[in-house]
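Chain and residue survey
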Amino acid sequence: MINVKKVQESGNRDAILLEQDSFRVMIDADKGMIPELSLKKGDGWINAHWQPWFRANSGEEWDKAKHAPFWKVPLLYDISGNFPCAPNFGPGHTTGGYDLPPHGYTSFKTWEQKSPILLEKEKGAAFSSTLNEGKHPFRYKKQDLILEGQNVHYSRLDITNTGESAEPYNCGWHNTVGSPFLESGCLIDNNAGLYGVPGEGTEFDTTGELAFGAQSDSLEEMPLRQGGTKDMRRVCGISGYTDFITGAVPQNCSLGWNSIVNPRQKLVYLSFFTGPAAIEKKDIPLYFYDLWLNYGGRNFQPWAVQDGQNDRTFCLGAENATGYFANGLAEALENPTLLGNPSYLTLPAGETRSLNYGTLFQSYPDEILNEGVKSVEPCDEGLILNSYTGKFVKVAAEWDFKTLSAL
């Protein structure tokens, strides 16, 4: 049974809850945060999404004088789970005459959420939200959807350039998972054939263990600063380091996908989107799988209670974006390609581009995916998740986003 309603979550944040028997998702108005993507488990629910210990829950609006000393920027005051990023993917900076906040205006402002509706014909629930342009000329519209019998949150982001000239931009979905879903032993997979690590001069200079500017064709053999390699495909738990890895989405793939499997709990978290080979003019392409491996190493606020104390955060960003690592739009403009793919996009004046995106969270039978997801392919019933043992799992999902597009 489908249910949809307006709610208030922690910190008196306005949100909309989309729910059915085995699956539910909560979407905040503030910054478009998605603090909950949950699966029914017994009489309760297990949430895949990261809810950081330092997330503000006082209900107070951001006050720079009061809150910046600890949280630094408004994004970290409200951050959790998954959220859209545009027109910037990375730290706040000024470029092209625009003051771009961290990860863009979509994760900086409050969305106007329209009244949610039940879709009788499609057997689903949906709602739309908008974010109007300010000094930067982009206007945003978002559609959120769940469908009966599918453990998938569908999102469509429309970006319109209301200005008089073409504008460059980054775009991404900042999926971040945490406990209780995320544990040591989880497995990360996607279909990238080449991975890269940022060079010196980023936020990971003092927190990482991976070699600056390193490249590898396998997550299982990522070069280290001290020599040798490390398997970054298997989540190691708290290591005392926070690193960043980007993988290039193959140009010849029609479906981009990124998975995290918890073999102990037999759960799979999978994001998917239209790949470069199937992109049309109207679409926003995502060219990179970005892995933010937050396993410790940030011994400063807000990750630690006090500067110099222990980093209390354990999370994994399994993000999908078009950007230059997570270094921001200005650096993407200076480096227009990364690992063979474009690092930024351009939106002509008066035109609109759209991104269809799906996030799936569900259990799997027996031990089929215990070694991870080798490949993902579409079928009439949805998606086939192929294992490394030759077996597979079929999941119900609209990989062509037909209902979402019809909205």
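Since this is a predicted model, take the numbers as computed values, not measurements. (Residues numbered from 1 in each chain as written. Predicted model: local features only at pLDDT ≥ 70, side-chain atom pairs only at ≥ 80, totals over all residues. Heavy atoms only, no water.)

**Observations regarding the sheet that holds strand S31 (residues 375–379)**
Pairing in this open sheet of 3 strands is antiparallel, and the strands run S31-S32-S33 from one edge to the other. Of all the strands in the sheet, the pair left with one neighbour each is S31 and strand S33 (392–396). Each neighbouring strand pair of the sheet contributes to a mean axis angle of 25°, computed without reference to strand direction. Pairing of strand S32 (residues 382–386) with S33, which is carried by 5 bridges, proceeds in the antiparallel orientation. Looking across to S33, one finds that Leu383 is bridged to Val395. (Pairing = 2+ DSSP bridges. Helix = DSSP H or I, 4+ residues; strand = E, 2+ residues; numbered from the N terminus. Axes fitted to C-alpha atoms, helices over the stretch in contact; angles between N-to-C directions.)

**What about the side chain of Asp311?**
The topology assignment puts Asp311 in the loop between strand S25 (288–295) and strand S26 (315–322). We note that Asp311 is buried and unpaired, the nearest opposite charge coming from Arg298 at a distance of 5.7 Å. A polar contact of 2.8 Å, which involves the side chain of Asp311, links it to the backbone nitrogen of Thr313. In contact with Asp311, not counting residues within four places along its chain, are Thr242, Asn294, Gly296, Gly297, Arg298, Asn299, Trp303 and Ala304. (Buried < 20%, exposed > 50% of the residue type's maximum accessible area, 1.4 Å probe, protein only. Lys, Arg positive; Asp, Glu negative; His and termini not counted. Salt bridge = Lys/Arg side-chain N within 4 Å of Asp/Glu carboxyl O. Polar contact = N/O pair within 3.5 Å; in protein donor to acceptor, adjacent residues only side chain to side chain. Contact = heavy atoms within 4.5 Å.)

**Looking at the sheet that holds strand S5 (residues 44–47)**
The strand order across the open sheet built from 5 strands is S1-S2-S3-S4-S5, with neighbouring strands paired in antiparallel fashion. Lying at the two open borders of the sheet, with one neighbouring strand each, are strand S1 (3–9) and S5. Averaged over all adjacent pairs, the angle separating strand axes in this sheet is 30°, with direction ignored. In terms of strand pairing, strand S4 (residues 36–41) meets S5 through 4 bridges, oriented antiparallel. For Leu39, the partnering residue across the bridge sits in S5 and is Ile46.

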